[in-house]
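# Breakdown of the fold
The primary structure of each chain is shown beneath.
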Amino acid sequence: MALIGRLPDMAKKYLVETFGCQMNVHDSERMAGLLDQAGYEPTTEDSEADVIVINTCSVREHAEEKLYTRLGELRVLQQETGHKPVVAVAGCVAQQEGHALLKKTNGHVIDIVMGTQRLKMLPVLVERAARSGSHAAEVDINPWDDVTFPLGITRRGDPVKAFVTIIEGCNDYCAFCVVPYTRGHERMRAKADILADVREAVDSGRKEIQLLGQIVNHYHAPDDPSCDFAELLAAVNEVPGVERIRFASPHPRHTGERLIEAVRVLPKVCKHMHLPVQSGSTRVLAAMRRRHTREAYLDLVARIRDSIPGVTLSTDMIVGFPGETTADFEQTLSLTEAAQYNSMFSFKYSARPNTLASMRMPDDVAEDEKTARIVALQSLQRGIQTRLHEAEVGRTADVLVDQASRRRGGEISGRTSGNTVVSFPVPADGKSSGSSGEWIGRTVRVAITRAGPHNLSGEAITGMQNVNCQMPTGC
């Protein structure tokens, strides 16, 4: 293996690649931190890496396919250059496939198959693989119900935002979803551990906290029986140095008045809610085991909009679920029109292993029909977003800057409280050198001058602001 025979003064290097959701991104941050602590340094080059970790997602078929493509590239690297890093496959595909993953890849390239609950074992598994000097892959996917993680180890990849997990796993077993099978049953992290994570993130310079869980509004603190998710939001809101709080994702069925009120009144909680609906048809929702109806969902949307001035809403939508008729899909279009989402993640249904839909329901919507439906849905949503964004022209928004433009020199961008991306030229305030990097992490008031379907553009009208936007425009 590449670790054998290295000179003592040459630092060992690692590369962590992430496919999938925000929880996968955060898991990768944790694994990177563990490798840092074990004496490795990060790299972005395959040819330099002594360890390559591929953190996988199996929620969508396309994400799973990326793994096999990537493994093929690493096999070519080994054949052409002789460079043989320790390769670990982690995450949901690893948990789902286990030993079968080795059979699918003929055992080549992979040294470690590590499940979603075994992150803390990574340095030990890497060391064992390096010492073995062979490709006798080790598979470690046993459940591990301990949801604690050492404080201060996480190597956060975003300079402004910090992910903080509050729940692992899921108990809902929606018919299309593989998460309960890859991340296990629902386990709550202690409130004290969550708040310690938040304080550590703030001390490291992060301004925005994003609370993560498959269904965040199921949260009840195991160390404080009185603390539900709304109360946890209030506790995070009190942490000095936190400027913004986001969360993903609540389940519509459990979004009650306490949560709506918390979003309304807590000044640091962003005025944006992601409410996955998945379909506009009550019949399809029942088949999906979503346990909410079209009517109840639209009533919830109305109550949220009435209660929280300027709130923005986003959602997830699946088209072509087994048994979805043309009439069902038309109801998805009409619900989308009624809800007026500010953004949407939409997908064509693909059967996932072990799920109820894959075992009990034929995938009976033709692929070309799925494609036609998602094109129609995305076209509708693009028009809605364009109209909503055009209505913001002439208004102002407080934007937390999180990056410099990769394409346009002298331009920076960030997000409003409502999660809309806004780009604008680096402000000339007379106090800064004009470097875009100086503005990362600052909140800037921006006059909106142009709108597109996916973002806004504008001009800064002040320098750094230390205010929490409560404007009716949902800035």
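Above this note sits the structure.
Model, not experiment: these values are computed from the prediction. (Residues numbered from 1 in each chain as written. Predicted model: local features only at pLDDT ≥ 70, side-chain atom pairs only at ≥ 80, totals over all residues. Heavy atoms only, no water.)

Counting residues in each nonpolar core, the largest one holds 51 residues, and the members touching the most others are L211, F229, L233 and F247. Once you skip the residues sitting within four places of it in the chain, F229 turns out to touch I166, L211, V216, N217, Y219, F247 and L259. (Core = buried A, V, L, I, M, F, W, Y, C linked by side-chain atoms within 4.5 Å. Buried < 20%, exposed > 50% of the residue type's maximum accessible area, 1.4 Å probe, protein only. Contact = heavy atoms within 4.5 Å.)

The buried fraction of strand β13 (residues 312-319) amounts to eight of the eight residues, a majority that puts the element mostly inside the structure. Side chains T312, S314, D316 and I318 of β13 all project onto a buried face; the interleaved residues L313, T315, M317 and V319 project onto the opposite face, where all are buried too. With three bridges joining them, strand β12 (residues 272-274) and β13 adopt parallel strand pairing. Bridging across to β13, H272 finds its partner in T312. (Helix = DSSP H or I, 4+ residues; strand = E, 2+ residues; numbered from the N terminus. Pairing = 2+ DSSP bridges.)

Ordered in space as β2-β1-β3-β4-β5-β6, the six strands form an open sheet in which the pairing is parallel. Each having just a single partner strand, β2 (41-42) and β6 (138-140) make up the two edges of the open sheet. Relative to strand β5 (residues 112-114), strand β4 (residues 86-91) runs parallel, the two sharing three bridges. Each bridged residue has a counterpart across the sheet, and for A90 the counterpart in β5 is M114.

The next subject is helix α9 (residues 257-265). Of all the residues in α9, the buried ones are L259, I260, A262 and V263. For α9, the arc enclosing every buried residue in end-on projection is 160°, short of the 170-degree limit, so these residues lie on one face. Residues of α9 that are buried in the fold lie against α8 (229-237), β11 (244-248), β12 and α11 (294-307). (Arc of directions from axis to C-beta.)

This paragraph deals with the packing of helix α7 (residues 191-203) against α8. In contact at an axis separation of 10 Å, α7 and α8 are set at 35° when each is read in the N-to-C sense. α7 and α8 meet at a crossing whose hand is right-handed. Here α7 contributes K191, I194, L195 and V198 to the contact with α8, which in turn contributes L232, A235 and V236. Tallied by class, residues from the contact of α7 with α8 come to six nonpolar, no polar and one charged. (Axes fitted to C-alpha atoms, helices over the stretch in contact; angles between N-to-C directions. Left-handed = near helix turned anticlockwise from the far one by under 90°. Nonpolar A, V, L, I, M, F, W, Y, C, P; charged D, E, K, R; others polar.)

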